[in-house]
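Remarks on the overall topology
One-letter residues, chain by chain:
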Amino acid sequence: MTPRKKLEGLVAATVTPMTPDGRINLSVIHQYVDYLVSEQNVKNIFVNGTTGEGLSLSIQERKQLAEEWMCQGKDKLDHVIIHVGALSLLESQELARHAAAIGASGIAVIAPSFFKPTNKDELLGFLQKVASEAPTVPFYYYHIPAMTGVKIRVEELLDGIREQIPTFQGVKFSDTDLLDLAQCINKKEREQFVFLYGVDEQLLSALAIGANGAVGSTYNYLGRKTNLMLQAFAKPDLALARKYQTKAVMTSVSGIPMGPPRLPLVGASEEFIAKAKAKLESIVWPDGD
Ligand SMILES: CC(=O)N[C@@H]([C@@H](O)[C@H](O)[C@H](O)CO)[C@@H](O)CC(=O)C(=O)O
């Protein structure tokens, strides 16, 4: 997949479909792609990330999923970014080589989170060794300190990053520290780097700071609504944009059987699902839908 367009706008962090007995379910991915494109107007995806339970999957499963998303997304999706981060550097490198071989439009890497890098140089060293295994594939750092416990400021990481990682393209920024985001965006590299925000609930604030777009779980089922918010913001109609943002409730509405999560995650209770559905149905969206 050779992207013709710059990566911006919404990127759906895909769920990994599973069968009721907990195996990956590749058979619904074609339906999932069509749903995203036709129902949610979302043509970029982020595979095997947090939402996709990437770190709970085996390397083999991650490769199979990446291949299936690439295959089903061909000629339908603009960008398929594969998350290839892992605790083991060797596994991460293997996944990076695989993503390159199947033609992914980008790879992303999370900081290792058991033995953690304690400073910028250690983190950069890890990222560089993964990125260099896919020397022609755009590379994104996936910053999500609430999950990894690695709190190295991105602003600090960006200094001189292209010298070490020539393919460095940008950051998937999943943190509420908007000061760090703002300082990243103010850097002279602003024109070249892409900042994709990952806390869906406060996307509007990140857009105001200058984020290029967003990667998140809610764009799987609220992509169309959030696209309206992006349009309102671009106009600019901030009052309208705020209405969309505050109504970004999360629940699954696609009707595609995604199965249960994998332990240690557990499925939502029937009661929770019923309440979430009722809440979603009770909302009157600004477009009257
Ligand atoms: C911790 C977490 O899962 N964060 C989500 C958000 O999209 C999050 O689900 C959303 O803001 C709702 O809380 C994304 O940042 C994660 C993501 O994009 C991914 O799946 O890799």
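Residues numbered from 1 in each chain as written. Predicted model: local features only at pLDDT ≥ 70, side-chain atom pairs only at ≥ 80, totals over all residues. Heavy atoms only, no water.

So, on to the pattern of salt bridges. Applying the stated criterion to the full structure yields nine salt bridges. The partner of arginine 23 in a salt bridge is aspartate 21, with the nearest N and O atoms 3.8 Å apart. Aspartate 21 shares its class with arginine 23; the two are exposed. In this structure, arginine 153 engages glutamate 155 in a salt bridge whose closest nitrogen and oxygen atoms are separated by 3.6 Å. You can call arginine 153 partly exposed: its relative accessible area is 28%. Salt bridges here are not isolated pairs; linked through shared partners, they connect Arg153, Glu155, Asp177 and Asp180. (Salt bridge = Lys/Arg side-chain N within 4 Å of Asp/Glu carboxyl O. Buried < 20%, exposed > 50% of the residue type's maximum accessible area, 1.4 Å probe, protein only.)

As for its placement among the helices and strands, histidine 98 is situated in helix α3 (residues 89–101). Beyond its immediate chain neighbours, meaning those up to four positions away, histidine 98 contacts Lys63, Ala66 and Glu67. (Helix = DSSP H or I, 4+ residues; strand = E, 2+ residues; numbered from the N terminus. Contact = heavy atoms within 4.5 Å.)

This part covers the sheet that holds strand β2 (residues 44–47). Strand order in the closed barrel formed by eight strands is β1-β2-β3-β4-β5-β6-β7-β8, with parallel pairing between adjacent strands. Averaged over all adjacent pairs, the angle separating strand axes in this sheet is 25°, with direction ignored. Two strands pair when backbone bridges link them, and β2 and strand β3 (residues 79–83) are joined in this way by four bridges, in the parallel orientation. Each bridged residue has a counterpart across the sheet, and for phenylalanine 46 the counterpart in β3 is isoleucine 81. Contacting β5 (139–143), β6 (168–173) and β7 (194–197), helix α8 (residues 178–186) crosses the sheet at an angle of about 160° to β7. (Pairing = 2+ DSSP bridges. Axes fitted to C-alpha atoms, helices over the stretch in contact; angles between N-to-C directions.)

Taken together, 16 residues sit near the ligand, with Thr51, Tyr142, Gly198, Glu201 and Ser217 positioned nearest. A distance of 2.9 Å separates an oxygen atom of the ligand from a polar side-chain atom of serine 174. The side chain of serine 217 places a nitrogen or oxygen atom 2.7 Å from an oxygen atom of the ligand. Contact with the protein chains hides 80% of the accessible area of the ligand, taken as 490 Å² for the molecule alone. The residue inventory of the shell around the ligand, partitioned by class, reads six nonpolar, seven polar and three charged. (Near = heavy atom within 4 Å. Polar contact = N/O pair within 3.5 Å; in protein donor to acceptor, adjacent residues only side chain to side chain. Areas by Shrake-Rupley, 256 points an atom, 1.4 Å probe, with all protein chains shown as cover. Nonpolar A, V, L, I, M, F, W, Y, C, P; charged D, E, K, R; others polar.)

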